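Fold and geometry: a report
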Amino acid sequence: MKRIVVLAVAAFLMVTTAAAADTSSGTLTVTGTVASSINLTIESAGGTTSGTGTASVTSALGSISKYGSAPAGFTLARGASNWTLSSTIGVKVDKANLTSTDYTLTAQLGSAPASGITWKLNGSTLSDASATTLTSTGTYGSTGSYSWDVVVADSAAAAAIDNAIDFTATSN
Amino acid sequence: MRIRTVIAAGAALLLSGFLRPDPAFGGDRRRVLAVSAPSSGLELTFVSAPDGVVDAGTIQWRGGSRKATVTTRTVRLRIGQPAPEPRGTATVRAFLETADARCTVRVDGVVLTSVPRVIQRHAPVGLAVPHRIEIEVPVHAADGPLLASIGWEVSSE
């Protein structure tokens with residue numbers, strides 16, 4: 001009978017000592033720096049465009065002339081000694097991790113305009129020498145529309161008018 | 001009579017052991033008759049971040065339709081001493097020990113909170129396993145230094 005009791009107690013010990021999961025822990029620290037930024041995109045422009053919605057857009061006007069038809073997205077107005085192609089450029093500036101409430105937008109030609117050609121934005125003549133302010137109270141997240149005129153003098157030589165308009169947005 | 005009493009007591013002891021509820025199914029009674037304190041063998045090592053720090057660098061939004069910046073880092077976590085073959089398996093859990101309210105932290109796609117969540121079951125003990133850490137900062141979050149700490153828990157299976 002003693003043997004039965006010993007077996008019973010041994011079985012109990014076997015059951016009760018099983019299990020109790022082994023555990024461990026550790027810590028991983030994550031560091032970094034959140035930097036503020038703004039992002040400018042050209043949302044629309046006259047002509048046959050490519051790259052809209054990005055910061056680098058190309059607008060092809062094709063062959064233009066005073067007595068021809070206006071390129072897509074442009075209107076053509078004939079004057080006494082010149083003619084003007086008019087359209088708009090949509091510029092959007094988004095912000096991230098920034099408390100600024102508005103921005104200043106400027107534009108500048110990438111190179112000197114061809115003789116007899118005048119580039120205008122919002123009625124202001126652009127140059128390659130200095131930037132022209134288009135707005136100093138731009139609203140983040142909304143597309144601002146700026147009138148765009150290319151004035152061609154009747155005296156201008158028949159040649160390419162290629163140029164670039166460089167926009168710069170600065171948070172206020 | 002005395003012998004019967006002893007037998008009955010032994011049977012009762014046996015039954016109490018066999019019928020004890022399994023903790024995995026809701027039972028919470030602990031078996032206190034442990035033979036000895038288990039030697040861990042499950043210590044955690046961040047193989048690719050030996051100082052226990054992962055630097056996400058400069059987190060800056062680059063534009064686009066997604067209104068958040070996601071920075072990804074990979075850490076290799078080893079459980080126990082290195083071994084050529086797995087020496088058992090374990091469950092890995094993670095949680096935010098220290099949260100930075102400006103960001104969301106995910107490990108292997110699991111969003112971390114202050115409550116431990118399972119990251120991996122059957123993780124091999126002895127082998128380094130890569131885990132993907134994502135730090136997501138929305139565009140409306142303030143700029144400045146970011147600091148969070150991830151707590152890891154490992155339990156044997």
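Note that the coordinates shown come from a computational prediction; the quantities given were computed from them, not determined experimentally. (Residues numbered from 1 in each chain as written. Chains lettered and ligands numbered in written order. Predicted model: local features only at pLDDT ≥ 70, side-chain atom pairs only at ≥ 80, totals over all residues.)

**Thoughts on the overall build of chain A**
Across its full length, chain A carries one helix and 12 strands. Per-residue burial for chain A yields a buried fraction of 22% across its 172 residues. Within chain A, contacts between residues separated by at least 24 positions form 68% of all contacts whose residues are at least 6 apart in sequence. (Helix = DSSP H or I, 4+ residues; strand = E, 2+ residues; numbered from the N terminus. Buried ≥ 20, exposed ≤ 12 C-beta atoms within 10 Å, placed from the backbone. Contact = placed C-beta atoms within 7 Å.)

**Some details on the pairing of strand S1 (residues 23-35) of chain A**
Looking at chain direction, S1(A) and strand S9 (residues 144-156) of chain B are connected through 12 bridges and run antiparallel. What sits directly across from A:Thr33, in S9(B), is B:Pro145. In the sheet, S1(A) pairs with strand S2 (residues 53-60) of chain B via six bridges, with the strands oriented parallel. Residue pairing across strands places A:Thr29 opposite B:Val53, the latter belonging to S2(B). (Pairing = 2+ DSSP bridges.)

**Overview of the pairing of strand S5 (residues 75-78) of chain A**
All names here are of chain A. The pairing of S5 with strand S6 (residues 82-96) spans four bridges and is antiparallel. From the neighbouring strand, Leu76 faces S6, where its bridge partner is Leu85. Hairpin connection, S5 to S6: the antiparallel pair is bridged by three residues.

**Overview of the sheet that holds strand S10 (residues 132-139) of chain A**
Residues and elements named next belong to chain A. Taken in spatial order, the three strands of this open sheet run S10-S7-S12, and their pairing is antiparallel. Two strands lie at the open edges of the sheet, namely S10 and strand S12 (165-171), each paired on one side alone. If you compare each strand with its neighbour and ignore which way they point, the axes differ by 25° on average. Bridging between strand S7 (residues 102-109) and S10 involves five bridges; their strand directions are antiparallel. If you follow Asp102 over to S10, its bridge partner there is Thr139. (Axes fitted to C-alpha atoms, helices over the stretch in contact; angles between N-to-C directions.)

**Observations regarding the nonpolar core**
In this structure, A:Val30, B:Val105, B:Ile135 and B:Ile150 are the most contacted members of the largest nonpolar core, which totals 32 residues. In terms of residue count, S9(B) provides more of this core than any other element does, five residues in total. Those residues in contact with B:Val105 that lie beyond four places of it in its chain are A:Val30, B:Leu96, B:Leu112, B:Ile133, B:Ile135, B:Ala148 and B:Ile150. Judged by nonpolar contacts, the second largest core, of 23 residues, contains A:Val91, A:Trp119, A:Leu134 and A:Phe167. (Core = buried A, V, L, I, M, F, W, Y, C linked by C-beta atoms within 7 Å.)

**Quick look at the confidence of the model for chain A**
Chain-level statistics for chain A give a pLDDT mean of 90 and a share of 88% at 70 or above. Scored below 50 in pLDDT, residues 1-18 of chain A makes 26 contacts in the model with residues more than four places away or belonging to other chains. (pLDDT = per-residue confidence, 0-100.)

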